[in-house]
Amino acid sequence: MAIHLTAAMRVIATGMMSVIRYVFTLTTTLIITKRAACWSLFIMALTGLSASSFAVFAADIASSHFAANSNSNSNSGSSDVITSDVSHIQAPISKTIVTTIPQTWQLNLLKEALRRSDSGYQVQQMSTQMNQKRKVEEALAGTVDVFWSMTSKELEETVLPVRIPLFKGLLGNRLLIIRKADETRFAKVKTMADFRQLKAGQNRYWPDATILEANGLPVVTSYQYTNLYPMLEGGRFDYLALGAQEIGEELASHPDPALKVDSHILLQYRSPAYFFVSPKRPELAAAILAGLESMVSDGSFDEMFNRELKIEQLYREAKFEQRVIIRLDTPDLSPLTPIERKELWLDLFSMQGAK
């Protein structure tokens, strides 16, 4: 009796598995996701299979089915054969991109580059304030599609860089916020040895901190950028180095009568800033690059750059050529940095400065 019952159960099970295979094959062939999901739930409930066991089973069926169809198609010239090859089927590309970039030159440039690439993207700004580490994490998760940052080798290996320097190298030409009481002290700096007697303040998440340390300069860091201003006034360090194009605005947004922009030193190192794109959006990186290259090619990048950043006025006020230049190496600079493309850079790195 037991033998007959067992045999009967095997027959029923075999029949059930045949039905299951037919249903899965049908849903796979037609690529009807919702119907397949419903049938999958029904099959798991009917058979008692766990989700993980069903996944293994389904993958085995799909693999066999695709292989069979592939062989069938290769041996038959009939146009009536329905294939299940989904390798060329892609999810629709979202035309909305999320960015942490505020209303700045960088955002205007991003929008113009996307317009140039004829991509149809719509930019959505995120109001949440994020540090560098968080931006990278959100980009990896796909929550943030694009942000901008000074580059580093590690950053370029983690997310997708669009290697067109947004500030034409200007970000690597640093002026210093110092205490007014130390103005004479900074005016006496003539050499790197002199400069090493001064202590820098930096955001720990910025690549600058690593560059300064690699060049043997003493550095005090904070994980919060806004903390650096009271730390400077309080004597925790001697200067805060910021890009020449941003330093005036940054000091104005953190007003302190005890602080000023130094007029004597230009701290210089190669530190391009790029747009960085989530690895989940390679098509977006390609669209941004295409748009920027178009702007570089027809001169509109330089025209927009000079106008929005008021470059002529900046040169007059900063008096770069009259400053003592302290040049640093950037040991972490990617070998893919387009240094040889002269059209992408300002000529500041060729200056001799005051002697």
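Higher on the page you've got the structure.
Before going into details, it helps to say that this report is about the structure given with it. (Residues numbered from 1 in each chain as written. Predicted model: local features only at pLDDT ≥ 70, side-chain atom pairs only at ≥ 80, totals over all residues. Heavy atoms only, no water.)

**Quick word on the overall build of the chain**
Counting its regular elements, the chain contains 14 helices and 12 strands. The 355 residues of the chain split such that 44% are buried. Intrachain contacts of the chain at a sequence separation of at least 6 include 75% that bridge at least 24 residues. Surface exposure of the chain reaches about 18,900 Å², of which carbon and sulfur atoms provide 55%. (Helix = DSSP H or I, 4+ residues; strand = E, 2+ residues; numbered from the N terminus. Buried < 20%, exposed > 50% of the residue type's maximum accessible area, 1.4 Å probe, protein only. Contact = heavy atoms within 4.5 Å. Areas by Shrake-Rupley, 256 points an atom, 1.4 Å probe, with all protein chains shown as cover.)

**Quick word on the nonpolar core**
The nonpolar side chains of soluble globular proteins are, as a tendency, buried together. Counting 76 residues, the largest nonpolar core has L170, F195, Y239, F275, I288 and F320 as the members making the most contacts within it. Ranked by residues supplied to this core, first place goes to helix α12 (residues 282-298) with seven residues. Beyond its immediate chain neighbours, meaning those up to four positions away, Y239 contacts L176, I177, I178, F186, F195, L198, K199, A200, G201, L217 and L232. (Core = buried A, V, L, I, M, F, W, Y, C linked by side-chain atoms within 4.5 Å.)

**What to know about the side chain of Q268**
Residue placement: Q268 occurs in strand β10 (residues 265-268). On the accessibility criterion, Q268 (1% relative accessible area) is buried. A polar atom in the side chain of Q268 sits 2.6 Å from the side chain of R327. Within the structure, the side chain of Q268 is placed 3.1 Å from the backbone oxygen of L348, a separation counted as a polar contact. (Polar contact = N/O pair within 3.5 Å; in protein donor to acceptor, adjacent residues only side chain to side chain.)

**Focus on the pattern of salt bridges**
According to the stated counting rule, one finds 18 salt bridges in the structure shown. Here D238 makes a salt bridge to R179, at a shortest N to O gap of 3.0 Å. Of this pair, D238 sits in the loop between α10 (228-233) and β8 (239-243) while R179 sits in strand β5 (residues 173-179), and the two are 59 residues apart along the sequence. You'll find D238 and R179 in the same group, each marked buried. Put simply, E343 and R341 hold a salt bridge, and the shortest N to O gap is 2.9 Å. Its relative accessible area of 39% is what places E343 among the partly exposed residues. Given the relative accessible area of 21%, R341 is considered partly exposed. In this structure, a network of salt bridges that share partners links the residues E112, R115, R116 and D298. (Salt bridge = Lys/Arg side-chain N within 4 Å of Asp/Glu carboxyl O.)

**Focus on helix α14 (residues 311-318)**
Structurally, the α-helix is built with 3.6 residues per turn, so residues lying three or four positions apart point the same way. All of the buried residues along α14 are I311, L314 and A318. In a view along the axis of α14, the buried residues occupy a sector of 55 degrees, so they form one face of it. Of the exposed residues in α14, the ones pointing more than 90 degrees away from its buried face are E312, R316 and E317. Following α14 by one or two positions, K319 has its phi on the positive side, about 50 degrees. (Arc of directions from axis to C-beta.)

**What about unusual backbone geometry?**
Even without a glycine there, the phi angle at K168 is positive, about 55 degrees. As for its placement among the helices and strands, K168 is situated in the loop between β4 (160-162) and β5. Taking relative accessible area as the criterion, K168 reaches 5% and is therefore assigned buried. For K310, which is not glycine, the phi torsion reads 50 degrees and is therefore positive.

**Topic: the packing of aromatic side chains**
A full pass over the atoms with the stated rule returns 12 aromatic pairs. Aromatic pair F186 and Y239: ring centres 6.3 Å apart, planes at 85 degrees, arrangement edge-to-face. In this pair, F186 sits in helix α7 (residues 183-187) while Y239 sits in strand β8, placing the two residues 53 residues apart along the sequence. Both residues of the pair, F186 and Y239, belong to the buried class. Here the aromatic residues W105, F301 and F305 are joined through ring pairs into a cluster of three or more. Positioned above the aromatic ring of W345, the side-chain terminus of R270 is 4.6 Å from the ring centre. Cation over ring: R270 sits above F349, and NZ or CZ is 4.1 Å from the ring centre. (Phe/Tyr/Trp six-rings, centres within 6.5 Å; stacked < 30°, edge-to-face > 60°. Lys NZ or Arg CZ within 6 Å of the ring centre and 35° of its normal.)

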